Amino acid sequence: MALIAWNDKLSVQVRQFDDEHKKLIVMVNQLHDAMKEGKGKQVIGDVLNGLINYTKNHFAAEDKLMKAHAYPDYEKHKKEHNQLTLTVLDLQKGYAAGSAPLSQSVMSFLKDWLTNHIQGVDKGYGPYLNGKGVK
Ligand code: FEO
């Protein structure tokens, strides 16, 4: 069973970012499945790297669009992206070094991060960007 499922409540009203969030959810679920199926370190490491790279590109795309439209909460939102990125890079480093197995608590962190950030912070830019003609 998937760890997280997309639903309309997660929509931020910007199509590009809804699509990217859906893809991120798919990737977190893939990581969850790989762990549950007891896949090897190489496989899990690759899935984790893919997720982190996709996330970095996603954050950069949001930052760019918010900045281009002078979104008032841009700085605050970008700071949260930076913080989340540092946290996942730490997880990745620990995993690669073999000091930290990916555990259920890591999956809980990723799940919370995805749902809380999307619902709590990302949703804020929807109406503003829609008002600038971004749908
Ligand atoms: Fe969709 Fe602000 O990350």
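Attention in this report is confined to the structure presented alongside it.

Quick notes on the rules
- Residues numbered from 1 in each chain as written.
- Predicted model: local features only at pLDDT ≥ 70, side-chain atom pairs only at ≥ 80, totals over all residues.
- Heavy atoms only, no water.
- Helix = DSSP H or I, 4+ residues; strand = E, 2+ residues; numbered from the N terminus.
- Rg over C-alpha atoms; globule rule 2.2 N^0.38 Å.
- Contact = heavy atoms within 4.5 Å.
- Areas by Shrake-Rupley, 256 points an atom, 1.4 Å probe, with all protein chains shown as cover.
- Expected span 1.5 Å × (residues − 1).
- Buried < 20%, exposed > 50% of the residue type's maximum accessible area, 1.4 Å probe, protein only.
- Phe/Tyr/Trp six-rings, centres within 6.5 Å; stacked < 30°, edge-to-face > 60°.
- Axes fitted to C-alpha atoms, helices over the stretch in contact; angles between N-to-C directions.
- Parallel < 35°, antiparallel > 145°, perpendicular 65-115°, else oblique.
- Left-handed = near helix turned anticlockwise from the far one by under 90°.
- Nonpolar A, V, L, I, M, F, W, Y, C, P; charged D, E, K, R; others polar.

**Some remarks on the overall build of the protein**
A tally of helices and strands in the protein yields 5 helices and 0 strands. The secondary structure elements of the protein, listed N-terminal to C-terminal, are α-α-α-α-α. Taken against the 2.2 N^0.38 rule, which gives 14 Å for 135 residues, the C-alpha radius of gyration of the protein at 15 Å falls within 12% of a compact globule. The principal-axis extent of the C-alpha atoms belonging to the protein is close to 45 × 30 × 20 Å. By sequence separation, contacts in the protein at least 24 residues apart represent 76% of the contacts at least 6 residues apart. Counting only carbon and sulfur atoms, one obtains 53% of the accessible surface of the protein, whose full area is about 7,500 Å².

**Here's the deal with unusual backbone geometry**
Phi at Gln13 is positive, roughly 70 degrees, even though this residue is not glycine. Mapped onto the elements of the fold, Gln13 is located in the segment before α1 (15-36).

**Points about helix α3 (residues 74-96)**
For α3, built from 23 residues, the straight-helix expectation of 33 Å at 1.5 Å per residue is met to within 8% by its first-to-last C-alpha distance of 32 Å. Tyr74, His77, His81, Leu84, Thr85, Val88, Gly94 and Tyr95 are the residues of α3 that are buried. Each element contacted by the buried residues of α3 is listed here: α2 (41-68), α4 (104-120) and α5 (125-131). In the segment just after α3, Gly98 is the residue with positive phi, at about 80 degrees.

**Details of the packing of aromatic side chains**
Enumeration according to the criterion identifies 4 aromatic pairs in this entry. Considering the side-chain rings of Phe17 and Tyr125, the 5.7 Å spacing of their centres and the 65 degrees angle between planes classify their relative orientation as edge-to-face. Linking Phe17 in helix α1 with Tyr125 in helix α5, this pair joins segments that are 108 residues apart in sequence. The residues Phe17 and Tyr125 share a single accessibility class, namely buried.

**With respect to the packing of α3 against α4**
Interaxial distance between α3 and α4 falls to 12 Å at its minimum, and their mutual angle equals 165 degrees. Relative to α4, the element α3 is oriented roughly antiparallel. Considering only the axes of α3 and α4, their crossing is left-handed. For the pair α3 and α4, contact is made by His77, Glu80, His81, Leu84, Thr87, Val88 and Leu91 and by Val106, Phe109, Leu110, Trp113 and His117, respectively. Across the contact of α3 with α4, the residue classes break down as 7 nonpolar, 4 polar and 1 charged.

**So, the side chain of His32**
Within the element layout of this structure, His32 appears in helix α1. With near-sequence residues (within four places) excluded, His32 lies in contact with Met1, Leu3, Gln104 and Met107.

Don't take any of this as a statement about function, it's just geometry.
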